[in-house]
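So you can see what is in the structure, the chains are spelled out below.
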Amino acid sequence: MKNYIQVDEWKIIEKEFKPEHNEIIESLCSIGNGHMGQRANFEEDYSGASLQGSYVGGVYYPDKTRVGWWKNGYPEYFAKVLNSINWIGIRIAIDGQNIDIAKLEIVSFERILDMQKGLLTRSVTFKLVTGKKVSIQSTRFVSMADEEIGAIKFTIKAESHPLDLQIESYLDADVSNKDSNYEEKFWNSKTSEAENNILYLAAITKKTNFTVGVAAKTSVSINSVNIPLHSTVNEAMYVAQFFDTKLAIGESCLISKTVVLATSRNHQEDQIRNHILNKILLCHQYGFSKLLNDQIAKWSEIWSWCDIVIEGDTSAQQAIRFNIFQLLQTYTGTDARLNIGPKGFTGEKYGGSTYWDTEAYCLPFYLSTVGA
C-alpha cells in the first residue's frame, strides 16, 4: 500500500486499479451520514475480491457465536450491525455482454473520496472483448443534509464504437454478512413493489424485527431526452427496472438514481412505506443537482467548525482530515440511541458494537467540536 494512495489535503485518490487492494480502498472510501453508510463498492457487477456493504445504524441481529474459540464467560450471541439492502446496484450490459471490469482490459481508472464535499467519484475506461472502448463515470453520496437520502449519477460513454445498452437499476435484500458465524442470512422479505417508475423494497430482521424500507427512482437520458422504462422485475427480495437504448460514437447515457431509506427505529411500522414513497417523489422533483448542492453546503458548514489545519505537511493534513471525516460519518450526535462503531460504516469487523476504548478515544473529539 506504500504510495498507492495519492497525497492530497482533502482527498483520498486511487489513480490505478489494483484488484488486490480493492477491499482496502472500499473501506477507505466508504461514505456515511450517521444514519446509514455504504462501502465504496462499484455500482455495476464486479466478480473480483469485494465486500458488498450497505449498513444502517442501530439495526442489528444476535448472531450465534461459534463454540471453541470464544472465551469463557462471553455471551452465546454477538449482536452485530447487518449488511442491509443493496441500493447502489446498476447492472450494465453492452452488446449483450455484462460489464465486469474484473474480466476486461482497463485503460484508465480513478477513484476519489472528496472529504471536503462528502462525495465518492469514479472514472474508468475499459475495452470490451470486441475491442470497443467504453468509459464510465460515477458520483455518489449519502446526504448529510437529509440522512435518509442517497444519490448516484452514473454516465456511460461510447468512446470508439456504437453501443447497444441494457441498464438494470435494482434493490437487493438477499444479502449476507461475510462474518456470519454460521453463514446465516438475517433478513426476511416484507414488501416488494415495482410500479409507477418507482422501486420499493422492505425487509425485516429475524428475531429483532427491525424493518428497513428503501425506495428508488431511476431516470435514464441521452442528450437530455428521457429513455422510457422497458420492463420490471418484482420478487420477494429483489426489485429491478430495465432500460434499453443505443449510443452513437461519442454519445453518453446519463443514469440518475435517488433512494430514500427509512427504518422502524424512526417511523411507525405502518407509516414507513407512505413516508418513503412520498419523499422519493419530492427528491425526484428536486433533482440530483439540488441534492448534491445541499450535500456540499452541509459539509462546508460542518468543516467550518471542526477542521484542523496542519501547515507544511500535506500527508499529515490528509490523515487528520480523514480521521475527522470518518468520525463525523460514523456518529453525528443527532440520535442518542446510536454509538460510535469501531469501524464506522466501513465494514463488518467488530459488529459495530460499543467498545470502551472507542468511546474513550473518540469522545474528546466530539466534546471539543459539538456546539463550537
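As shown above, the structure is provided for reference.
Residues numbered from 1 in each chain as written. Predicted model: local features only at pLDDT ≥ 70, side-chain atom pairs only at ≥ 80, totals over all residues. Heavy atoms only, no water.

Here we look at the packing of aromatic side chains
Inspection of the entire model under this criterion finds 15 aromatic pairs. Ring geometry for Y170 against Y238: centres 5.2 Å apart, planes inclined by 25°, an arrangement best described as stacked. On the criterion of sequence distance, the pair formed by Y170 in strand β13 (residues 163-172) and Y238 in strand β19 (residues 238-247) is long-range, its members being 68 residues apart. For the pair Y170 and Y238, one class covers both residues: buried. (Phe/Tyr/Trp six-rings, centres within 6.5 Å; stacked < 30°, edge-to-face > 60°. Helix = DSSP H or I, 4+ residues; strand = E, 2+ residues; numbered from the N terminus. Buried < 20%, exposed > 50% of the residue type's maximum accessible area, 1.4 Å probe, protein only.)

What to know about the nonpolar core
Formed by 82 residues in total, the largest nonpolar core has its most connected members in I92, F126, I167, L171, W187 and I255. For I255, the residues in contact, after removing those within four places along its chain, are I90, I92, I152, K153, F154, I156, I167, T218, S219 and V220. Counting 18 residues, the second largest nonpolar core, distinct from the first, contains I198, Y200, A202 and A215. (Core = buried A, V, L, I, M, F, W, Y, C linked by side-chain atoms within 4.5 Å. Contact = heavy atoms within 4.5 Å.)

Observations regarding the side chain of K132
Looking at the element boundaries, K132 is found in the loop between β10 (119-127) and β11 (133-142). A relative accessible area of 17% places K132 in the buried class. In this structure the side chain of K132 is engaged in a polar contact, spanning 2.7 Å, whose partner is the side chain of D95. Polar contacts involving the side chain of K132 include one to the main-chain carbonyl oxygen of P162, which spans 3.1 Å. Contact partners of K132, with chain neighbours within four places excluded, come to D95, F126, K127, S160, H161, P162 and L163. (Polar contact = N/O pair within 3.5 Å; in protein donor to acceptor, adjacent residues only side chain to side chain.)

Let's talk about the sheet that holds strand β8 (residues 97-98)
Spatial strand order, β8-β7-β13-β19-β18: five strands in an open sheet with antiparallel pairing. With one partner strand each, in any of the chains shown, β8 and β18 (231-235) form the two edges of the open sheet. As defined by bridge partners, β13 adjoins β19 across 10 bridges and the pair is classed as antiparallel. Bridged to Y170 within β19 is A240. (Pairing = 2+ DSSP bridges.)

Quick word on helix α3 (residues 314-330)
The terminal C-alpha atoms of α3 lie 24 Å apart, and with 17 residues this matches the ideal 24 Å at 1.5 Å per residue to within 8%. For α3, the full list of buried residues reads Q317, Q318, R321, F322, I324, F325, Q326, L327, L328, Q329 and T330. N-cap assignment for α3: the residue whose side-chain oxygen lies 3.3 Å from the backbone N of S315 is D313. (Expected span 1.5 Å × (residues − 1).)

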